[in-house]
Amino acid sequence: DKIQALLRDESDISKISYKTFLENLEPIRVQDNTIIIKTDDEIGRDYIERKYSKSIIIAIREIVGEIYNIKFMLPSEIAKEKKKVSNKKIPTNNNNEYNGLNSRYTFDTFVVGNNNKLAHAAALAVAESPAEAYNPLFIYGGVGLGKTHLMHSIAHFILSENSESKVLYVSSEKFTNELIKSIRDDKNEEFRQKYRNIDVLLVDDIQFIAGKERTQEEFFHTFNTLYEAKKQIIISSDRPPKEIETLEERLRSRFEWGLIADIQPPDFETRMAILQKRAEMEHLNLPNDVIQYVATNIKSNIRELEGGINKIIAYSTLVHKDLTKELAEDALKDLITPEKDKEITPQFILEIVAEHYNINPADIVSKKRPREIAYPRQIVMYLSRTLTDLSLPKIGQILGKRDHTTIIHGYEKISKDIQKDSAFKNTIEILTKKITGK
Ligand code: ADP
Ligand code: MG
């Protein structure tokens, strides 16, 4: 069912095609790594096989977390061989990508320091006794300081204690976009069912609903329903509730009902510990003076700290040299230049967009054509044009030596999509906020 929902709602397949061809498909069983799917007739089968196999495989991977082949069979064929086969169930894994959780983000891999002690303790308390310790738990802190990591840790913990528990993790962007779609498709009831019938709701980066009245309204009711039913709510933000401008007063005050815990930038010892833990986890052989060099020079943000290490390793492989402090200095010279105001560059835009879509930044400048890459690439073109003063040829140059007409094309495509689709417009707004920091 989840796979059906994904094909219906999130793929490129039109509603009519979905209804005609895919709605009646029925998974029968798993044989080795092939899922047998029942189709009604032969003509339909050939068409589906040709046209939708790939989408179905991708949807299965999203839900189950693994790649399965698929094989279509007619009812008659299935009946024929029915006696022979043992009935193996299709695995459904609660603990994987479908619920949006990163398996690396657990309490085990979270390093506790002075900067995050309170938030960590509160998160653990909530994970151990949901809806009893603090409700809601509101975690705030700057970018890359571990809010998302802590939230996923709570979700993993609760699911590991009780796999039946209904835990829902969403970004506030996803919440907003699903709300928009539910209104557009007249499926508000479904939306409510989804968000109100759960045990634990985690909403990441709530600051992005500021100023969005309809979303705040809906979230307010979601909050109340869950709270009254004694369900746990966990919220994160880049700032405390009282500093989120244009947040409705009634939401603000609710956010303050439970516990508000902050995460500060890590001190030197914590930075060292985080890097050592990372090196250990990934079996990296990093000399101590290299770790120390990075921990001394990158201060503000753990994501950049980890980025620094990755850069050094990449550089060392590239130039075939050992990992030494000298090499580290060389590798990081762009990163560590004296502090200046962060200028918005296409490079920076590219990094934010790549992170948002969970793709490799290098793919964006590459020649790769699949939509998962080509579309974010066009978003980078659009944002580079709207957020920097650079000329089109210059932007094209930076984004993998592309022609200025390619950039205009990307810009126009995205502009059009923004007008057509308000959920997408919301995503672009959020990306813009992430980039400009406003
Ligand atoms: P935020 O959501 O606050 O922007 P994230 O949770 O995405 O930050 O963290 C950014 C990166 O830093 C992630 O890779 C995360 O695993 C890592 N990280 C953050 N805090 C810690 C910590 N205390 N221990 C280990 N890794 C951390
Ligand atoms: Mg985050």
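For the structure, see preceding data.
Small disclaimer: the values here were computed from a predicted structure and weren't measured.

Trainee: Which residues make up the environment of isoleucine 198, and what values go with them?
Mentor: For isoleucine 198, the position within the fold is in the loop between helix 8 (188-196) and strand 6 (200-204). Counting along the chain gives 21 residues from isoleucine 198 to phenylalanine 219, while the straight-line C-alpha distance between them is 14 Å. Contact partners of isoleucine 198, with chain neighbours within four places excluded, come to Lys166, Leu168, Leu226 and Lys231.

Trainee: Can you lay out the packing of helix 8 against helix 9 (residues 213-228) for me, pointing to particular residues and giving the numbers?
Mentor: In contact at an axis separation of 10 Å, helix 8 and helix 9 are set at 45° when each is read in the N-to-C sense. Here helix 8 is positioned oblique relative to helix 9, judged by the angle of their axes. The interaxial crossing formed by helix 8 with helix 9 has right-handed handedness. Residue-level inspection shows Asn188, Phe191, Arg192, Tyr195 and Arg196 of helix 8 in contact with helix 9, the latter providing Arg214, Glu218, His221, Thr222, Thr225 and Leu226. Residue composition of the contact of helix 8 with helix 9, grouped by class: three nonpolar, four polar and four charged.

Trainee: Explain helix 9 to me, and be specific about the residues and the numbers.
Mentor: With 16 residues, helix 9 should cover 22 Å at 1.5 Å per step; its first-to-last C-alpha distance of 22 Å lies within 8% of that length. Within the span of helix 9, buried status applies to Thr215, Gln216, Glu218, Phe219, Phe220, Thr222, Phe223, Asn224 and Leu226. Taken together, the buried residues of helix 9 touch helix 7 (172-184), helix 8, strand 6, strand 7 (232-237) and helix 10 (249-255). Positive phi shows up at lysine 230, right after helix 9, with a value of about 60°.

Trainee: So what's going on with the pattern of salt bridges? Residues and values would help.
Mentor: Tallied over the full model, the rule gives 21 salt bridges. Between lysine 194 and glutamate 178 there is a salt bridge, and its shortest N-O distance comes to 3.0 Å. Pair noted here: lysine 194 is in helix 8 and glutamate 178 is in helix 7, with a separation of 16 residues, a long-range link. For glutamate 178, a relative accessible area of 17% gives the class buried. The shortest N-O distance in the salt bridge between arginine 250 and glutamate 217 comes to 3.1 Å. Linking arginine 250 in helix 10 with glutamate 217 in helix 9, this pair joins segments that are 33 residues apart in sequence. Using a relative accessible area of 32% as the deciding quantity, one classes glutamate 217 as partly exposed.

Trainee: So what about empty space enclosed by the protein? Which residues, and what values?
Mentor: Under the definition given, this model contains one cavity of 30 Å³ or more. Empty space within the largest cavity amounts to approximately 50 Å³. In this structure, the largest cavity is lined by Leu275, Arg278, Glu282, Leu284, Glu306, Ile309 and Asn310. Those elements giving two or more residues to the lining of the largest cavity turn out to be helix 11 (268-281) and helix 13 (302-319).

Trainee: Describe the sheet that holds strand 7, with residues and values.
Mentor: Strand order in the open sheet made by the five strands is 5-6-7-4-8, with parallel pairing throughout. Edge positions in the sheet fall to strand 5 (167-171) and strand 8 (259-263), since each of these pairs with one other strand and no more. Along the sheet, successive strands turn relative to each other by an average axial angle of 15°, direction set aside. Strand direction decides the pairing type here: strand 5 and strand 6, joined by five bridges, are parallel. Each bridged residue has a counterpart across the sheet, and for valine 170 the counterpart in strand 6 is valine 203. Packed on one face of the sheet, helix 7 meets strand 5 and strand 6 and runs near 90° to strand 5.

Trainee: Could you give an account of the packing of aromatic side chains, naming the residues involved and the relevant values?
Mentor: Under the definition given, this model contains 14 aromatic pairs. An angle of 90° between the planes, with centres 5.5 Å apart, marks the rings of phenylalanine 175 and phenylalanine 219 as edge-to-face. Residue phenylalanine 175 is located in helix 7, and its partner phenylalanine 219 is located in helix 9; the two are separated by 44 residues in the primary sequence. Across this residue pair, the class does not change: phenylalanine 175 and phenylalanine 219 are buried. Note on phenylalanine 191 and tyrosine 195: the rings are 4.8 Å apart at their centroids and 40° apart in plane angle, and the pair reads as tilted. Of the two residues, phenylalanine 191 and tyrosine 195 both sit in helix 8, four residues apart, roughly one turn of that helix.

Trainee: Now, about helix 13: what can you tell me, with residues and values included?
Mentor: End to end, helix 13 covers 26 Å across 18 residues, agreeing with the expected 26 Å (1.5 Å per residue, within 8%). All of the buried residues along helix 13 are Ile302, Leu305, Glu306, Gly308, Ile309, Ile312 and Ser316. An end-on view of helix 13 places all buried positions within 150° of arc, on one side of the element. Those residues of helix 13 that are exposed and angled more than 90 degrees off the buried face are Thr317 and Leu318.

Trainee: Any details on the packing of helix 18 (residues 371-387) against helix 21 (residues 422-436)? Residues and values, ideally.
Mentor: For the pair helix 18 and helix 21, interaxial distance at closest approach is 11 Å and the crossing angle is 60°. With respect to each other, helix 18 and helix 21 are oriented oblique. Relative to helix 21, helix 18 is oriented so that their crossing is right-handed. Seen from helix 18, the contacting residues are Tyr375, Ile379, Tyr382, Leu383 and Leu387; seen from helix 21, they are Phe424, Ile428, Leu431, Thr432, Ile435 and Thr436. For the contact of helix 18 with helix 21, the per-class residue count stands at nine nonpolar, two polar and no charged.

Each value, and the rule that gives it
Residues numbered from 1 in each chain as written. Chains lettered and ligands numbered in written order. Predicted model: local features only at pLDDT ≥ 70, side-chain atom pairs only at ≥ 80, totals over all residues. Heavy atoms only, no water. Helix = DSSP H or I, 4+ residues; strand = E, 2+ residues; numbered from the N terminus. Contact = heavy atoms within 4.5 Å. Axes fitted to C-alpha atoms, helices over the stretch in contact; angles between N-to-C directions. Parallel < 35°, antiparallel > 145°, perpendicular 65-115°, else oblique. Left-handed = near helix turned anticlockwise from the far one by under 90°. Nonpolar A, V, L, I, M, F, W, Y, C, P; charged D, E, K, R; others polar. Expected span 1.5 Å × (residues − 1). Buried < 20%, exposed > 50% of the residue type's maximum accessible area, 1.4 Å probe, protein only. Salt bridge = Lys/Arg side-chain N within 4 Å of Asp/Glu carboxyl O. 1 Å grid on protein atoms, 1.4 Å probe; cavity = no way out; pocket = protein on both sides within 12 Å on 5 of 7 lines; lining within 4 Å. Points joined across faces, edges and corners; volume = space filled by probe spheres on them. Pairing = 2+ DSSP bridges. Phe/Tyr/Trp six-rings, centres within 6.5 Å; stacked < 30°, edge-to-face > 60°. Arc of directions from axis to C-beta.

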